[in-house]
Amino acid sequence: MNKTVEQIKEILETETKKALSTCTDQEIYLALLKMVEKESEARKTPVKGRKLYYISAEFLIGKLLSNNLINLGLYDPVKAVLEAAGKKMSDIEEVEPEPSLGNGGLGRLAACFLDSLATLNLPGDGVGLRYHYGLFHQSFQGGVQNELPDPWLSEHSWAEKTDTVYPVELAGRTYQARLYKLAVTGYEGRTNTLNLFDLDTIDETIVHDGILFDKTKIDKNLTLFLYPDDSDEAGRRLRIYQQYLMVSAGAQLILEESVARGCKLHDLADYAAIQINDTHPSMVIPELIRLLAKKGIKFKEAVKIVTDTCAYTNHTILAEALEKWPREYLDDVVPQLMPVIEELDQLARSRSKDEKLAIIDKDDRVHMAHMDIHFTHSTNGVAALHTEILKESELHGFYELYPEKFNNKTNGITFRRWLMECDPLLTEALEKWIGTGFKKDSNELEKLLAYENDEKVLEELTRIKKENKQALADWLWETQKVKISTDALYDIQSKRLHEYKRQQLNLLYLIHQYYEIKAGHLPAAPMVSIFGAKAAPAYIIAKDIIHALLTVSKVIAADPEVSRWLQVVFVENYNVTAAEKMIPACDLSEQISLASKEASGTGNMKFMLNGALTLGTMDGANVEISEQVGSDNIYIFGQTSDQVIHRYEAADYCAKQWYEGDPNIRRAVDFLIGDEMMNVGQKENLTRLHHELISKDWFQTLPDFNAYVVRKGQALADYAVNPVGWRKKCLVNIAKAGMFSSDRTIAQYNEEIWHLGK
Ligand SMILES: *Cc1c(COP(=O)(O)O)cnc(C)c1O
């Protein structure tokens, strides 16, 4: 079935109508796109039995060309054809814009899940929105984050326009949601679909001055941006408009497809499984009940059908992130849903008298997660610790009411993108040592343990890491004109910017090191400290942390004594493309969230798989990583989640005491408002961050500071003093990464929640 080099050459030249050697990169890219579309279409198979619909506000899918070529088994022959024509695969990859359909871990998880579903030959489609400009494109100017639209749609993109439109009623007006279909290829598997909805009336010209636009012009703005600024009421209402467009069009699609396959509506759960990814798609529950009622199904039965069909994934224990909408907004935007939501609230109240479990609270706010837990058959957390915390504290009342609904599904990542595509050198070496089985059976990576004491293998791992560092250094030079040494430990913290993820703890470490180096206490090895992170446009303190990091970077770079040992680099516009360059080059992976706050993390898994060691707290999936590799092969520090939870309950944390009681902490924090920083940075931002750290510090940076400095120093010393020992630890991390394949995660969802057909 696989195509030969000659066949591929012919297909491409038929498409371009000339010799490949005379084509532009753009022409070749388009010809490849056409070829991939045809090949993936051929792998669509009719569905029997239950089919999954994964509804999510985000799908952070990354560039698709190479990923699809790998999955279709075409990558190597295509590369050969291009090379024979004097073209480079990497130049062709550059032509493709990264789809701006997601933001962080939750969206990337959805993308990994689609890959694994197709790879495991399971029928599972995505449902989401076709954003034109994504979250935003980030650049740094004058030491602050600058936000611009992130356009990716062009005449030829992977999402194909269809003739299908569904009417969606918003605030009494009918909008037409148009369906676009994007093919999702599996590795040696079937092709599924990502269904994306959009309006034909979107007007990109209303965006001005960065990412500003009139939030009330719904027909023009609805799918312009992901997570539009919700710091004002119009923004919050806009989010409801978006969510309802997604779930109403999605519900219509699901019913239509199911009926076409023979579903009689009463038996919907035999045809469809719906996974609600976080609370953004929660309105699919009342919307389906409403649509079923319109077809003559009684409320009580509709509730049962929907409960049997839907399942919910919880992604956070941060209370402020659990969506609760003022009822007034829903009354205005989706009045047709409110009678259903009210009946659901009554039903929920008949099951439990506990006011904390109600859907509509006494302040007339609608709790989306509560609706999900009452009216789906499964609520899952995304790592073992996270699920335990949900059961024991955050959602304890619900757990007592519905113990059978709660279950854990530890997140995972697809090894096709996060190993085969992003680290071809490591992939090739692994094939040589342990064969190719690990690509489809991730546990086969354990075979690598046989080489733990094989010097040749360890040397090869060192050489690969060095080449990947060089590639990252070259990329940083090309894209940002930043020069970094490759003779240093690469320490990377890349993820959304959030106080709970504690980039500010890393910031304080860098300041501490600055002082230590100035005092002649030199570190064991030079270090390049690399960040990648977008801050939500309205999140002031997050932006102050970015500013402080950019400023520290300049202060250090200007000091020849310090810059020999320490360099701080902030990668602009962190996205999947950047992640694929950064992760294979990393030595030390920073996973330093305040214990109990990171639900799982998936960045931690990607770094591990690419042979980086984790410096982290006992949080999220770090706990499971640590169980897999053993305490000798990971650098753990800081308070435990139990300690943190108790401290929150007692409400006795006082940042000021830590600041005043510890000269090292005081020195690092006060540096923010000292002359070195003030001369380079902005007084307002630095002062605000300084004040935040000593007066609030919600995420308890200061109590973990000393433990963090010590543990990081140990890692640096191990790296410098015992390189063979270090590389052995890396080998163990790669070998033990098997359980973090999203193939394992999806197999568990299927066995325990979905029970999909073939
Ligand atoms: C994996 C990934 C994330 C999630 O990272 P965490 O460290 O788990 O928060 C965010 N953004 C991108 C681009 C990713 O690839």
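Every residue gets a number counted from 1 within its own chain, in the order that chain's sequence is written. Totals for whole chains, interfaces and linings use all residues, but because this is a predicted model, local features are given only for residues with pLDDT of at least 70 and pairs of side-chain atoms are given and counted only at 80 or more. Calculated side-chain values reflect all of the structure's heavy atoms, with hydrogen atoms and water omitted.

Participant: Which residues make up the overall build of the chain, and what values go with them?
Facilitator: Helix and strand assignments come from DSSP, with helices taken as H or I runs of at least 4 residues and strands as E runs of at least 2, each series counted from the N terminus. Within the chain one finds 33 helices and 19 strands. Expressed as lengths along the three principal axes of its C-alpha atoms, the size of the chain is roughly 80 × 70 × 50 Å. Burial status follows relative accessibility: with a 1.4 Å probe on protein chains alone, a residue under 20% of its type maximum counts as buried, one over 50% as exposed, and anything between as partly exposed. Counting the 758 residues in the chain, one finds 62% classified as buried. Here a residue-residue contact requires only that any non-hydrogen atoms of the pair lie within 4.5 Å. Of the contacts formed within the chain by residues at least 6 apart in sequence, a portion of 75% connects residues at least 24 apart. We treat Lys and Arg as the positive residues and Asp and Glu as the negative residues; His and chain ends play no part in the count. All charge positions are set by atom: Lys at NZ, Arg at CZ, Asp at CG, Glu at CD. Once the 87 positive and 111 negative side-chain charges of the chain are each reduced to a mean point, those two points are 2 Å apart.

Participant: Any chance you could break down a negative patch on the surface for me, citing the residues and the numbers?
Facilitator: Think of a patch as exposed residues, more than 30% relative accessible area, with no salt bridge, where like charges cluster within 9 Å and nonpolar side chains (Val, Leu, Ile, Met, Phe, Trp, Tyr) cluster within 5 Å. For accessible areas, the Shrake-Rupley method is used with a probe of radius 1.4 Å. Any residue's cover is judged against the shown protein chains and nothing else. A carboxyl oxygen of Asp or Glu within 4 Å of a side-chain nitrogen of Lys or Arg is what we treat as a salt bridge. A cluster of like negative charges, contributed by Asp91, Glu94, Asp474 and Glu478, occupies part of the molecular surface. Elements with a minimum of two residues in the negative patch: helix H5 (89–95) and helix H19 (455–480). In this fold, glutamate 94 is placed in helix H5.

Participant: Lay out unusual backbone geometry with the relevant residues and their values.
Facilitator: Positive phi, normally seen in glycine, also occurs at asparagine 121, with a value near 60°. Following the sequence through the fold, asparagine 121 ends up in the loop between helix H6 (105–119) and strand S2 (124–129). Positive phi values are uncommon outside glycine, yet alanine 171 reaches one of about 50°. Looking at the element boundaries, alanine 171 is found in the loop between strand S5 (159–170) and strand S6 (173–185). The exposure class assigned to alanine 171 is partly exposed, which follows from its relative accessible area of 40%.

Participant: Residues and numbers for helix H33 (residues 742–754), please.
Facilitator: In this model H33 runs just 15 Å from its N-terminal to its C-terminal C-alpha over 13 residues, more than 12% under the 18 Å that 1.5 Å per residue would give. Taken together, the buried positions of H33 are Ser742, Asp743, Arg744, Thr745, Ile746, Tyr749, Asn750, Ile753 and Trp754. We call two N or O atoms a polar contact when they sit within 3.5 Å, provided that within protein one can donate a hydrogen and the other can accept it, with sequence-adjacent residues counted only if both atoms are side-chain atoms. The N-capping residue of H33, defined by a side-chain oxygen 3.0 Å from the backbone nitrogen of aspartate 743, is serine 741. A positive backbone phi angle near 50° is found at histidine 755, which sits one or two residues after H33. Multiplying 1.5 Å by the residue count of a helix minus one yields the expected span of that helix.

Participant: Outline empty space enclosed by the protein, listing residues and values.
Facilitator: If you roll a probe as big as a water molecule over the atoms, it shows you where there is empty space left. Only protein atoms enter the 1 Å grid used here, on which a cavity is any set of points holding a 1.4 Å probe that cannot leave and a pocket is any open set flanked by protein within 12 Å on both sides along at least five of seven lines; residues with an atom within 4 Å of a point are listed as lining. Grid points are joined across faces, edges and corners, and a volume is the space filled by probe spheres set on the points. One pass over the full model with this rule turns up four cavities of 30 Å³ or more. When its volume is computed, the largest cavity comes out at roughly 150 Å³. Taken together, 14 residues line the largest cavity, and the ones lying closest to its centre are Ile61, Leu64, Asn67, Ala111 and Val184. Elements that contribute at least two residues to the lining of the largest cavity include exactly helix H3 (65–71), H6 and S6. Residues of the lining of the largest cavity, tallied by class, amount to seven nonpolar, four polar and three charged. One number sums up the size of the second largest cavity: a volume of about 80 Å³. Along the walls of the second largest cavity sit Asp423, Leu426, Leu461, Ile464, Lys465, Asn468, Pro584, Asn610, Gly611, Arg727, Cys730 and Ile734, which together make up its complete lining. Under this grouping Gly is polar, as are all residues other than the nonpolar Ala, Val, Leu, Ile, Met, Phe, Trp, Tyr, Cys and Pro and the charged Asp, Glu, Lys and Arg.

Participant: Explain the pattern of salt bridges to me, using residue names and the numbers behind them.
Facilitator: The tally for this structure, following the rule as stated, stands at 52 salt bridges. A salt bridge links aspartate 230 to arginine 239, with the shortest nitrogen-to-oxygen separation between them at 3.5 Å. Aspartate 354 is the salt-bridge partner of lysine 356, the closest N and O atoms lying 3.9 Å from each other. When its relative accessible area of 64% is taken as the criterion, lysine 356 is described as exposed. Residues participating in the shared-partner salt-bridge network are Glu233, Arg237, Glu328 and Asp332.

Participant: Explain the sheet that holds strand S9 (residues 310–313) to me, and be specific about the residues and the numbers.
Facilitator: By the convention used here, strands pair only if DSSP detects at least 2 bridges between them. Strand order across the open sheet formed by nine strands is S5-S6-S7-S2-S1-S8-S9-S12-S13, with mixed pairing between neighbours. Looking at the sheet topology across the chains shown, the edges are occupied by S5 and strand S13 (406–408). Across the sheet, the axes of successive neighbouring strands diverge by a mean angle of 25°, strand direction being ignored. Contacting strand S1 (51–55), S2, S5, S6, strand S7 (191–198) and strand S8 (272–277), helix H8 (residues 233–260) runs over the sheet at an angle of about 110° to S5. Axis lines are fitted to C-alpha atoms, over the contacting stretch for helices. Their N-to-C directions set the angle, which ranges from 0 to 180 degrees. Strands in contact with H33 are S1, S8, S9, strand S12 (379–381) and S13; relative to S8, the strand with the most contacts, it is inclined by about 120°.

Participant: Give me the lowdown on the packing of helix H10 (residues 284–294) against helix H13 (residues 338–351), citing residues and values where you can.
Facilitator: Between H10 and H13, whose axes approach to 9 Å, the crossing angle comes to 110°. One element, H10, and the other, H13, form an angle in the roughly perpendicular class. Where H10 abuts H13, its residues Ile285, Pro286, Ile289 and Arg290 lie against Val340, Ile341 and Leu344. Split into classes, the residues belonging to the contact of H10 with H13 amount to six nonpolar, no polar and one charged. Working rule for angles: under 35 degrees goes down as roughly parallel, over 145 as roughly antiparallel, 65 to 115 as roughly perpendicular, anything else as oblique.

Participant: Hey, could you go over the pairing of strand S15 (residues 527–532) for me, with residue numbers and the actual values?
Facilitator: By the criterion of burial, S15 is predominantly enclosed, with six of the six residues buried. Neither face of S15 is left uncovered, since the one carrying Met527, Ser529 and Phe531 and the one carrying Val528, Ile530 and Gly532 both have all their residues buried. Pairing of strand S14 (residues 489–494) with S15, which is carried by six bridges, proceeds in the parallel orientation. Looking at S15, one finds that leucine 489 is bridged to methionine 527. Throughout, right-handed denotes a crossover for which the path from the first strand over the helix to the second runs clockwise when the strands point away from the viewer. Since S14 and S15 lie parallel, the crossover through helix H20 (residues 503–518) that links them has a hand, and here it is right-handed. Where S15 meets strand S16 (residues 566–571), six bridges bridge the pair, whose relative direction is parallel. Bridge assignment links valine 528 to a residue of S16, and that residue is glutamine 567.

Participant: Break down the packing of helix H1 (residues 5–16) against helix H2 (residues 25–41) for me, with residues and values.
Facilitator: Packing of H1 against H2 brings their axes to within 9 Å, and their N-to-C directions diverge by 115°. Remark: the crossing between H1 and H2 carries right-handed chirality. The residues of H2 that touch H1, namely those facing Ile8, Ile11, Leu12, Glu15 and Thr16, are Glu27, Ala31, Leu32, Lys34 and Met35. When the residues that make up the contact of H1 with H2 are grouped by side-chain class, the tally is six nonpolar, one polar and three charged. Each crossing is labelled by how the near helix is turned from the far one, with a counterclockwise turn of less than a right angle marking it left-handed and a clockwise turn marking it right-handed.

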